[in-house]
Amino acid sequence: MTGAADRRRVGVLGMGTFLPPRVRTNAEVARDAGITAEWISLRTGVRERHVAAPDEAASDLAAHAVRAAADAAGIGVRDLGLLVCATSTPDELGPSTACRIQAALGASRAVALDVGAACSGWLFAAKVAHDWLLASPEIRYAAVVGVEVYSKFLDPADRGTAVLFADGAAASVLAPVAHPQGFAHLALGSDGTLADRVLIPAGGSRLPAAEATVARGEHRIRMDGRTISRFVTEVFPRLITGTLDRAGLRIEDIDRVVAHQPNPVLLRRIGAELGIPADRLVVVGDEVGNIGAASTPYALAAAAPGLRAGDRVLLAVFGAGMTWGSGLLTWSGAPARTAASPSCPPLEAPMTEGAPR
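If you're wondering where the values come from, they're calculated on a predicted model, not measured in any experiment.

Which parts of the structure should I look at to understand the pairing of strand β5 (residues 111-115)?
Where a strand is regular, its side chains alternate between the two sheet faces. Here five bridges tie strand β4 (residues 80-86) to β5, and the two strands are oriented parallel to one another. Its bridge partner lying in β5, V84 is registered against L113. Crossover β4 to β5 through helix α4 (residues 97-105) is right-handed.

Structural data, given as C-alpha cells:
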C-alpha cells in the first residue's frame, strides 16, 4: 500500500528572472566579429543579448533572480533552507557563488552550494534540491538559480561564440507539493570524453593564470561549433523520446517543451522534425541569446504566464561536459516575476514560437 509520504513530490512555487540593462545588438557584435548582422540573424536567430556591467558578477545577477522568485512564491529569503547555484562563470574559483548569493540576500538559514554542469546546470541543481527536500522534511523551501556572465569570457572577434553567448539569471523556488504536481521521470547524464569541445581552458588548477595563458587568450570560451551542433542534434531527440517513453505519454500530451536555448534556429528546426507544435516549443534565445545555466529556467519563467495548474512541461537540457538531462514537470500554477530593470519589463506572456511578442 502506498503511503502519503510516497506520493509527495517537489514542484515549482515561483520563478524569478534578471537581465542586466545593457543590450548588445547584432550590429555591435557583427562589427567586432567581422560579419554582418544579417548573417547572425540567419545562422542563429539571436537578435540581441544582455551584458553585465563591469562591476557586476554572477552572484549579483543571481541574487536579483532569487529574490524575484521568492517574491513570486510569496515567501521571504530567510525561509529558504537550501540555495543551489548552477553556473560556469562563478565570481571566484572559491568560495561557491551560492555563498555570495546567500550573503547578498541575507538568506542566513540556507545551506548554499554550487553545481557545475554548464548549460544543463539548472536541472542538475533542481535534482539536488528535489532529493534534498524529500529527504529533509525540516527544509520547506529551496532556491535553485542558473546564472552566467559569459560576456567577461568572450573573444569579440570569435564569431562562433560572440554571436551566441550572453548574460542573465533565472531562479525557481522549489517545495514539496501534492501528487501529481511537481517533477517526475528526471534523468541526467554526462560524457566526459567530450569535455574539451567547449570550455574555458585556463584559470583553473591545470592551467593557472599566467602571462602566457592570458597572451594566448585561454581565459576565453572556446567552442568546436560543429561538434556541439551534432551533439545537440543527436541528444535533443533522445531526451524528448526518452522522457515520453518513461512517462507513457505522446508529444500530443505535452503542453510545453522547455529546453536549453543554444541556438534558436537549430532549436526550432529540431523541434519541427520531432513534431513538436510550434506554439508549444518555448523559444527565448532570440531575445536573450545563450545564457547557459539560466537558459532553461528563463524559458520556463517566460512560459509560466500561459501555463495552468496541471499542465505538463517536458524539460530537456544539454551542455558542456558534455552533460544532458530531461524530465516531466506537472505545473502547480506558479507565478513568475522579473527583477526590476529599466529594460526588462515583467513577463506577461509566454515567449513561445508563434505567440505574440
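How should the packing of helix α3 (residues 58-73) against α4 be read in this particular structure?
Between two packed helices, what matters for the description is the angle formed by their axes and the separation of those axes. Look at α3 against α4: their axes get within 9 Å of each other, and the N-to-C directions meet at 55°. Between α3 and α4, the angle falls in the class oblique. When the axes of α3 and α4 are compared, the crossing they make is right-handed. Of the residues in α4, those in contact with A58, S59, A62, A63, V66 and R67 of α3 are T97, R100, I101, A104 and L105. The residue makeup of the contact of α3 with α4, split by class, is seven nonpolar, two polar and two charged.

So what exactly am I meant to see when it comes to the packing of helix α1 (residues 26-33) against helix α2 (residues 37-44) here?
Where α1 meets α2, the closest approach of the two axes is 8 Å, and the angle between their N-to-C directions is 105°. Considering the angle they form, α1 stands roughly perpendicular to α2. Contacts between α1 and α2 involve N26, A27, V29 and A30 from the former and A37, I40 and S41 from the latter. Of the residues assigned to the contact of α1 with α2, the class counts are five nonpolar, two polar and no charged.

What exactly am I supposed to notice about the environment of G306 here?
Structurally, G306 is set in the loop between α11 (295-303) and β12 (312-319). Judged by its relative accessible area of 32%, G306 falls in the partly exposed class. As for G306 and R256, which are separated by 50 residues in sequence, their C-alpha atoms are 9.6 Å apart.

How do you make sense of the pattern of salt bridges when you look at a structure like this?
Side-chain pairs of opposite charge can arise where the charged atoms are in close proximity. Taken as a whole and assessed by the stated rule, the structure comprises 13 salt bridges. The shortest N-O distance in the salt bridge between R31 and D32 comes to 3.4 Å. For D32, a relative accessible area of 32% translates into the label partly exposed. A salt bridge links E287 to R47, with the nearest nitrogen and oxygen atoms 3.6 Å apart. With E287 in helix α10 (residues 285-288) and R47 in the loop between α2 and β3 (48-51), this pair connects stretches of sequence that are 240 residues apart. Among the charged side chains, a network of salt bridges with common partners joins R47, R268, D286 and E287.

Even after reading the chapter, I still don't get the nonpolar core, so can you show me in this structure?
Of all hydrophobic cores here, the largest spans 45 residues; its most connected members are V12, L174, F183, L300, L315, L329 and W331. Where this core is concerned, the elements lending two or more residues are β1 (8-18), β4, α5 (121-135), β6 (141-149), β7 (167-178), α11 and β12. The element contributing the most residues to this core is α5, with seven residues. Residue contacts for V12: discarding those within four places in its chain leaves S172, V173, L174, F183, L329, W331, S332 and A334. Counting 42 residues, the second largest nonpolar core, distinct from the first, contains A30, F165, A259 and L328.

Please explain the packing of aromatic side chains as it appears in this structure.
The description of an aromatic ring pair rests on the distance of the ring centres and on the angle between the ring planes. On inspection of all chains with the given rule, the structure shows four aromatic pairs. On the numbers, 4.8 Å between centres and 70° between planes, the contact of Y150 with F165 is edge-to-face. With Y150 in the loop between β6 and α6 (159-162) and F165 in the loop between α6 and β7, the pair connects residues that are 15 residues apart, well separated along the chain. Here the aromatic rings of F231 and W324 are separated by 6.2 Å at their centres, their planes lie at 50°, and the arrangement is tilted. With F231 in helix α8 (residues 225-247) and W324 in strand β13 (residues 323-330), this pair connects stretches of sequence that are 93 residues apart.

What is the right way to look at the confidence of the model for the protein in this model?
Close inspection of predicted coordinates is inappropriate for parts of the model with low pLDDT. Across the protein, pLDDT averages 93, with 93% of residues at or above 70. Note on residues 1-5: pLDDT under 50 across the span, and one contact to partners over four residues away in sequence or across chains. Here residues 342-357 is modelled with pLDDT under 50, and outside its nearest four sequence neighbours on either side it reaches 47 contacts, counting other chains as well.

Please explain the sheet that holds β13 as it appears in this structure.
Strand pairing in a sheet takes place through backbone hydrogen bonds and is either antiparallel or parallel in direction. The strand order β8-β13-β12-β11 describes an open sheet built from four strands, whose pairing is mixed. Strand pairing shows two members of the sheet lacking a second neighbour, β8 (182-190) and β11 (256-259), which therefore form its edges. Across the sheet, the mean angle from the axis of one strand to that of its neighbour is 15°, orientation sign disregarded. Here β11 pairs with β12 via four bridges, running parallel. For V257, the partnering residue across the bridge sits in β12 and is L314.

The rules behind the values
Residues numbered from 1 in each chain as written. Predicted model: local features only at pLDDT ≥ 70, side-chain atom pairs only at ≥ 80, totals over all residues. Heavy atoms only, no water. Pairing = 2+ DSSP bridges. Helix = DSSP H or I, 4+ residues; strand = E, 2+ residues; numbered from the N terminus. Right-handed = clockwise from strand over helix to strand, strands pointing away. Axes fitted to C-alpha atoms, helices over the stretch in contact; angles between N-to-C directions. Parallel < 35°, antiparallel > 145°, perpendicular 65-115°, else oblique. Left-handed = near helix turned anticlockwise from the far one by under 90°. Contact = heavy atoms within 4.5 Å. Nonpolar A, V, L, I, M, F, W, Y, C, P; charged D, E, K, R; others polar. Buried < 20%, exposed > 50% of the residue type's maximum accessible area, 1.4 Å probe, protein only. Salt bridge = Lys/Arg side-chain N within 4 Å of Asp/Glu carboxyl O. Core = buried A, V, L, I, M, F, W, Y, C linked by side-chain atoms within 4.5 Å. Phe/Tyr/Trp six-rings, centres within 6.5 Å; stacked < 30°, edge-to-face > 60°. pLDDT = per-residue confidence, 0-100.

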